[in-house]
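Reading the structure
Here is what each chain is made of, one letter per residue.
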Amino acid sequence: MKGQTYHKRTYGPNRVKYPMKRVGARGQGHWKRISWDEALDFVASEIKRISAKYGSKAVWIYPPVPATGIVKQGAGFRFASVNKFGIGTFYNWYGDLPLAHPITWNVQTEEHEIMDVQNSKYVIMWGSDMVQTRIPDAHFFMDVRAKGVKTVYISPYFDPTASAVDEWVRLRPGTDAALALGMCHVIVKKGMSKDNYIKRTTSGPLLIRDDNGKYLRESDLKSDGKKKTFIVWDPASKTPSADKYFSEAAALTGSFDVTLKDGSTISCTTSHSLFLKKLEEYDPATVSQITGIPEADIERLAVEYASNAPASIWSGTGINHWYHGDLMGRAVIALSVLTGNVGVNGGGVSPWAGQYKMRIRPVDYFFPLKEKGKKARYRPVPLDTAYVVNGPTETMANKEKLWRQVRCIWAAGGNLLGQSSDQNTLLHKTLPEVELIVSPEIEMSSNAQLADIVLPIVSWYELPADIATTPAHPYIQYVEGPVKPLYEAKTDLEVYYEICKRLGTGDIFKFKEPEEAIKHLLDTGGAQVKGINFERLKKERVIKVNSPSSPIAAFTEEIKGVKTFKTMTKRQELYKEEDRFIEYGEQLPTHKEPQTATPYGRSMEWGEAKKHKNHEFEKYPLYYLSRHTRWSVHSSWRTEDLVRKLDDVGEPLLEMNPLDAANRDLNAGDWAIAYNQHGYMKARLKLRESVPPGAVLIYFGWQREQIKDGHWNSLNRVAINPIHEIYFKPNVWGPVSGHFDELCEVKKA
Amino acid sequence: MSEELWQKYYGQPNPIYGNKRQYGMLLDLNKCLGCHTCTIACKTTWTDGPGQENMYWNSVNTKPYGEYPRQDANAPDGLDYENSNLYQDVPKGVYPDLWQFYLPRPCNHCSRPACLPACPTQAIYKNDDGIVLIDEDLCQGYKNCIKACPYDKIYFNQVTKKSQKCIMCFPLIEKGEEPQCVKSCVGKIRVFGDLMDPNSAISRLIRDPSLGAKAYDPEIQFKAVTRYMTDADRRQYRADFGTIPSLWYILPKNVPEEELEKYFGGAMRGLIGQPHTPEARLKYKKT
């Protein structure tokens, strides 16, 4: 729908037509047209000045999701690499990274391609409003329902998807982990768990030391034992023995006395036994108390899910944009693991949010080799976007090496300054420290309006060539715009090249023409694109990449025993032993009350939480949810009139339940303010029953000039969960935005 | 729809207008995403000109509250065309007992169109494919058709002073293609074809609801292997107006039956005892 209006944006009044330099204060809207040479010279000289004063890593590139145009967007990585600039993160910063995946499987994310839902006998959409937010793929879910497969939607909101499924399951916001664990409880009690599968492929049979909560290792038992060999209990010989992946010989449950190498004896318990013990806390009656779902429904859902194999779960940002989103994700994965659904076509947990997946190995393009044949590469110095906006935390990983105040922001698309959480900190604390903001843009976005220099970039219709991939399907696509660059627009690639030339790194950056970059990407792209060359791609346009399963499903080889998992234990790790997991009591999936959005004890497990009150909740008793709409891709298309006019009254609206409005003496159409201690947003009110009592919803993406006052993201702050900081691997393990975990109050404006 | 009913509606050439084909559509409302891709495909193709700013030949509304155009005594001709998608996603009921459904509506290209005989200058005609068209050279802007159409699917262009309406993309049909709203449908909810052809996919799917819920069958001419249609009643929207619409809908399963009756004339099961005929006196919905 949105793509059909792209011509309006290409030729629209909002285009950036030529390079512009700010005159007057930032954000005032006064610009001076300059030539490309002036612009490039100015930016290069400023970067040189900042690099000399603060070091090159104080220049920080904010890259948009590379898979959308691997040449165009990926060039930002290359640009940062060859100049040793800083680089930000996107996937975890947006809140799209399901941290439960690296935690359980040590992968960034592995999902089934959407078409695989056809192989399912039972389908749960868990906090994923497919109908509204995955428009191109939603029909697969509607089709599978038309065929007679039961589809379930889990969400507190009566979203468009809720009216397009067989069953809508409502729960208190932020209690999804409790529901998943409650279903696990029922499945275990009814003897429906797949114990052999658990024994073969998960951390279930591994022994955990009762004294320190760590995995028992061979090195604990023998002085020549290996640290990376884990121990199971062999019931035949009644001795501890080295774990063999895929073996069914080990004991899955039980506690055993084990003699260590120093002669002392300790008690160890299988991690599955520990999990079963944890599950005792999640009986249907308790889960019903936590979630508000009737006990009978919890039992029925569990039985339905466990008895219709394969059963798939499609999880979305609804259970990921939370401070404890990793726990929700881990609980949902545990449900899929217990029933043997992981690794099976038609099963699995597929958390697609964001177009992050590159079905090509981009390393040689992003981080070029210093010398052919040698291993050394040019690399940027990463700094998570969350810290750039928020400042560092006490618990930040590798803080001494990585933290520095950023002095130049090159926001390469993504509308960073318009879409970022915690707008007040960003505008009033962070940006004043930044001496140069460069905004290469197609349109005059909120980001461009706050920049010091704006560079005109070609629209997608003018892009000479690029390649795109997605988690949704297994194809690599050739992208070629139909028109020549308009106005004075240049490609991102050329702009980077020209700056590099001025910084003396042009020869290393090398690419000015996208075709050359595509050839390089395909040549070095690895097994997935083996056999696909530029000529073939240009001719065929869309080519299926090589993959071990079709439709693509995650971990099909691992659960057949052909491969092991990439984790430390080579198994699916429901149990985690890192110190911080132990410190926070999160070795196993559990439900913790939301960090902010709860009436009970914050971040506490239920037994404790129910005894406490959240005092913030008394001041701000409404859940605040700013989220995707069908009418925009984040902030893209929000200013396109054809689309905007179809979005109700075509302006930002605060949406709430009529009951809450009546309690505050508010009527539909009133100007109202949603506020909390962090910020506020002023907009007119829309009342509808789809929003549960006790919540406020705003469909986001509006550009700053479209908002009457405040900002929808000024109510969200960047709250960083220390679990997310155990490691820092850009876009794989880092602070995941939890911006659904927020409260507010609403009053008449 | 029973075989008997199909025979009655489509088993012979149109008794009044003589067309031997009647193009129509079948839309599965269980699958509609409310994404408006049809609306925009139509709009950017046909109604992107002056005087057409609020004109949507194809509209999609969230029922029960969404309506386009809306009745408004203060608006010109009593119809308000602004904010065509007002009340989007506003369900009926009290949380959590709620229902809503999306209703996509182009012109119905009725077998007995109410607009056609209402035109004093005989500018409206039904072509060989059963498509209802306005000859803009003959239209003198009397707007009687707008008053006559019970579906409010004829629009008056204030700039050209002519009535305009959905033309079922007949230039595309003549090229062997499907209309824009069908081609572009992301949810794949629309089946297009000749209702009078007993072997067309559409007429078979309407007569036998079980057919669409089966796996890909080349005989049904489904265009994607993953495509299914819900096994539920096929009805026309407001068949009680008596114009025999050529748009058929597969009823949404999540809407209470008594509510569906209001929209899809459940009591009549799609069967019209006495279709409106041009000989009878016109019943204007508004005076």
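Residues numbered from 1 in each chain as written. Chains lettered and ligands numbered in written order. Predicted model: local features only at pLDDT ≥ 70, side-chain atom pairs only at ≥ 80, totals over all residues.

**Quick look at the sheet that holds strand β13 (residues 311-315) of chain A**
Residue and element names in this part refer to chain A. Spatially, the five strands line up as an open sheet ordered β7-β6-β5-β13-β14, and their pairing is parallel. At either margin of the open sheet sits one strand with a lone partner, and together these are β7 (167-169) and β14 (349-350). In this sheet, β13 lies alongside strand β5 (residues 122-126) in parallel orientation, the contact comprising five bridges. Bridged to Met125 within β13 is Trp314. In the packing of helix α12 (residues 295-307) onto the sheet, contacts are made with β5, β7 and β13, and the angle to β5 comes to roughly 125 degrees. (Pairing = 2+ DSSP bridges. Helix = DSSP H or I, 4+ residues; strand = E, 2+ residues; numbered from the N terminus. Contact = placed C-beta atoms within 7 Å. Axes fitted to C-alpha atoms, helices over the stretch in contact; angles between N-to-C directions.)

**So, the interface of chain A and chain B**
Between chain A and chain B, the residue contacts involve 32 residues of the former and 39 residues of the latter. Top element by residues in the side of chain A that touches chain B is helix α6 (residues 135-146) of chain A. It accounts for eight residues. Split by residue class, the side of chain A that touches chain B holds 17 nonpolar, eight polar and seven charged. (Nonpolar A, V, L, I, M, F, W, Y, C, P; charged D, E, K, R; others polar.)

**Description of the domain arrangement of chain A**
Residues and elements named next belong to chain A. Domain assignment breaks chain A into domain 1 (3-95 + 382-540), domain 2 (112-351 + 561-573) and domain 3 (595-748). Listed by partner, the interface residues are four residues for domain 1 and seven residues for domain 2. Broken down by class, the residue content of the side of domain 1 that touches domain 2 amounts to two nonpolar, two polar and no charged. (Domains from an automatic or database assignment.)

**Looking at the pairing of strand β28 (residues 743-748) of chain A**
All names here are of chain A. By the bridge criterion, two bridges tie strand β22 (residues 622-627) to β28 in an arrangement that is antiparallel. If you follow Leu622 over to β28, its bridge partner there is Cys744. Relative to β28, strand β24 (residues 671-675) is paired through four bridges, and the arrangement is antiparallel. Paired with Ala674 across the strands is Val746, a residue of β28.

**Digging into the pairing of strand β26 (residues 695-699) of chain A**
Residues and elements named next belong to chain A. Of all five residues in β26, five are buried; the element is thus mostly enclosed. Covered by surrounding structure in β26 are Ala695, Leu697 and Tyr699 together with Val696 and Ile698, the residues of both alternating faces. The pairing of β22 with β26 spans five bridges and is parallel. Bridged to Tyr623 within β26 is Ala695. Sheet analysis places strand β23 (residues 653-656) next to β26, joined by two bridges and oriented antiparallel. Across the sheet, the residue bridging to Met656 is Val696, located in β26. (Buried ≥ 20, exposed ≤ 12 C-beta atoms within 10 Å, placed from the backbone.)

**Structural notes on helix α2 (residues 36-54) of chain A**
Residue and element names in this part refer to chain A. With 19 residues, α2 extends 26 Å from end C-alpha to end C-alpha; this agrees with the ideal 27 Å at 1.5 Å per step. Residues of α2 that are buried: Ala39, Leu40, Val43 and Ile47. Taken down its axis, α2 places every buried residue within 95 degrees of arc, on the same side. Facing away from the buried side of α2 by over 90 degrees, the exposed positions are Asp37, Ser45, Ala52 and Lys53. Buried positions along α2 lie against β3 (59-62), β16 (408-411), β17 (436-441), β18 (453-456) and α20 (492-503). One or two residues past the end of α2 sits Gly55, with phi positive at roughly 95 degrees. (Expected span 1.5 Å × (residues − 1). Arc of directions from axis to C-beta.)

**Side note on the environment of Gln572(A)**
Following the sequence through the fold, Gln572(A) ends up in the loop between β21 (542-544) and α24 (579-583). When the C-alpha positions of Gln572(A) and Ile198(A) are compared, they lie 8.9 Å apart, and in sequence the two are 374 residues distant.

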